[in-house]
Amino acid sequence: MEIDFVITWVDGEDPNLKSKRQSYLRGYNYEEREDIAAPTRYRSVGEIGYCVASILRFAPFVRKIFIVTDHQDPGLDGFIARYFPDNKVPIEIVDHTVIFRGYEPYLPTFNSLSIETMLWRIPGLSENFIYMNDDFMLTAPVTPEMWFRDGKMVVYGYWHNTLTALLARKASSLFHREAPMKWRDRMLNAALLVGGTSLLRFIRIQHTPRALSRSLYMRYYDEYPESIVINLRHRFRHKSQYDSQELNYLLALHQDKLIVESATPLLAYYDPTHHSGERFETLMKQLETSPTVRFLCINSLDMAPAEESERLTRWIEKTLGVSLNLD
């Protein structure tokens, strides 16, 4: 089986991109809302290097790595040459203009939900591929069977009642004039879009690398082209958008081509806005002692206290055998 990895990445501090983003933000308070366009959503502190290094180190089956950007290049050539001198895995930069071909009026976009909707259009992408945000990384050897098994995709998550999610959304709207867009809501929107048994329950995807099927996207959007526009028409995150990976999984589920498993033994997750102090110590103990952890997700490393950021970075670089400092 050919398996490619796809990574989305942005350097939000790049002057050109920052200026472009600011021009579309005028008149809105989006930067004040973490759920829409807070600066941390676009800030890069080197996670892309760790992400790529972890694939090369721990996923020897990878055929190709695609990095999707907006007229940018993470500049990893020297880094790869130093730490992976014998690397034979092609690493290709794919611009938004390539995957949005035919949908140019929706560019530029600063919306990860929109970008993720179009990843299946990468030229030459394998049928079965694994998607990772640039803040995901592998922490130990992995196998293809962790994502593709017995002709089915494996998704790491758990079941959520659709009615319960709808009631929670309604309650939130009663208490907030501008209710924040929750992680759950975009998956709920996908369930409502697909319908059928998804109106009873859907999958709460956990923060792990995600197996996806290119042909499932292709067939669905060929039949329902209006569904693709639902996500593309918003340059910044919007409550009407759906999670395109959830869509892929629910389509597979309806064809009995999905395995749902918990990520709990495999996943270590760090969000400095919620996991500092004692919870950070628990995370480090998990990373240092658990034999089952394979995935690490770091949400907004730029917001971490310096001592936590330095300690976590030291662990990552020791585990991957790399350093972002090439001096």
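Everything numeric here is computed off the predicted structure, so don't read it as measured data. (Residues numbered from 1 in each chain as written. Predicted model: local features only at pLDDT ≥ 70, side-chain atom pairs only at ≥ 80, totals over all residues. Heavy atoms only, no water.)

Trainee: How would you sum up the overall build of the protein? Please name residues and give values.
Mentor: If you tally the helices and strands in the protein, you get 12 helices and 12 strands. Against the globule reference of 20 Å for 327 residues, the protein gives a C-alpha radius of gyration of 19 Å, in line with a compact fold. Projected onto its principal axes, the C-alpha positions of the protein cover 50 × 50 × 45 Å. Here the protein holds 327 residues, and 54% of them are scored as buried. Total accessible area computed for the protein in this model is approximately 15,000 Å², and 52% of it derives from carbon and sulfur atoms. (Helix = DSSP H or I, 4+ residues; strand = E, 2+ residues; numbered from the N terminus. Rg over C-alpha atoms; globule rule 2.2 N^0.38 Å. Buried < 20%, exposed > 50% of the residue type's maximum accessible area, 1.4 Å probe, protein only. Areas by Shrake-Rupley, 256 points an atom, 1.4 Å probe, with all protein chains shown as cover.)

Trainee: Just give me the short version of the packing of aromatic side chains, but keep the residues and values in it.
Mentor: In this structure the tally under the stated criterion is 13 aromatic pairs. Ring centres of Tyr24 and Phe110 lie 5.8 Å apart, and the angle between their planes is 50°; on these two criteria the pair is classed as tilted. Note that Tyr24 is positioned in helix 1 (residues 15-25) and Phe110 in the loop between helix 4 (96-99) and helix 5 (112-117), a separation of 86 residues in sequence. When its relative accessible area of 7% is taken as the criterion, Phe110 is described as buried. (Phe/Tyr/Trp six-rings, centres within 6.5 Å; stacked < 30°, edge-to-face > 60°.)

Trainee: Explain the pattern of salt bridges to me, using residue names and the numbers behind them.
Mentor: Across all of its chains, the model carries 12 salt bridges by this definition. For Lys64, the salt bridge identified is with Glu92, shortest N-O distance 2.8 Å. Linking Lys64 in the loop between helix 2 (47-58) and strand 2 (65-69) with Glu92 in strand 3 (residues 91-95), this pair joins segments that are 28 residues apart in sequence. Overall, the relative accessible area of 29% leaves Glu92 in the partly exposed class. Across the pair Asp243 and Arg186 runs a salt bridge, and its minimum N-O distance is 3.4 Å. Of this pair, Asp243 sits in the loop between helix 9 (225-232) and helix 10 (244-254) while Arg186 sits in helix 7 (residues 183-194), and the two are 57 residues apart along the sequence. Look at Asp243 and you get buried, because its relative accessible area is 0%. Judged by its relative accessible area of 8%, Arg186 is buried. Sharing partners across several salt bridges, the network here consists of Glu2, Asp4 and Arg63. (Salt bridge = Lys/Arg side-chain N within 4 Å of Asp/Glu carboxyl O.)

Trainee: Tell me about the sheet that holds strand 11 (residues 267-270), residues and numbers included.
Mentor: Reading across the sheet, the 3 strands line up as 5-12-11 and stay open at both edges, with mixed pairing between neighbours. Of all strands in the sheet, those bounded by a partner on one side alone are strand 5 (136-138) and strand 11. Each strand of the sheet is rotated relative to its neighbour by a mean of 20°, with strand direction disregarded. Relative to strand 12 (residues 295-298), strand 11 runs parallel, the two sharing 4 bridges. Note on strand 12: the bridge partner recorded for Tyr269 is Cys297. (Pairing = 2+ DSSP bridges. Axes fitted to C-alpha atoms, helices over the stretch in contact; angles between N-to-C directions.)

Trainee: Outline the environment of Glu127, supporting the account with residue identities and numerical values.
Mentor: If you trace the backbone, Glu127 turns up in the loop between helix 5 and strand 4 (128-133). Placed 71 residues apart in sequence, Glu127 and Leu56 show a C-alpha to C-alpha distance of 20 Å. The residues touching Glu127, leaving out its near neighbours within four places in the chain, are Leu212, Ser213, Arg214 and Ser215. Engagement of the side chain of Glu127 in a polar contact is seen with the side chain of Ser215, the distance being 2.8 Å. (Contact = heavy atoms within 4.5 Å. Polar contact = N/O pair within 3.5 Å; in protein donor to acceptor, adjacent residues only side chain to side chain.)

Trainee: Give me the lowdown on the packing of helix 11 (residues 278-289) against helix 12 (residues 306-320), citing residues and values where you can.
Mentor: Think of two packed helices as two axes; the pair is described by the angle between the axes and how far apart they sit. The geometry of helix 11 relative to helix 12 is characterised by a closest axis approach of 11 Å and an angle of 5° between their N-to-C directions. In this view, helix 11 runs roughly parallel relative to helix 12, as classed from their interaxial angle. The segment helix 11 lies against helix 12, with Phe280, Glu281, Met284, Leu287 and Glu288 engaging Glu308, Arg311, Leu312 and Trp315. Here the contact of helix 11 with helix 12 is composed, by residue class, of 5 nonpolar, no polar and 4 charged. (Parallel < 35°, antiparallel > 145°, perpendicular 65-115°, else oblique. Nonpolar A, V, L, I, M, F, W, Y, C, P; charged D, E, K, R; others polar.)

Trainee: So, helix 1: which residues are in play, and what are the values?
Mentor: Taken together, the buried positions of helix 1 are Leu17, Arg21 and Leu25. Buried residues in helix 1, looked at end-on, bunch into an arc of 75°, giving them a common side. Exposed and facing more than 90 degrees away from the buried side of helix 1 are Pro15 and Asn16. (Arc of directions from axis to C-beta.)

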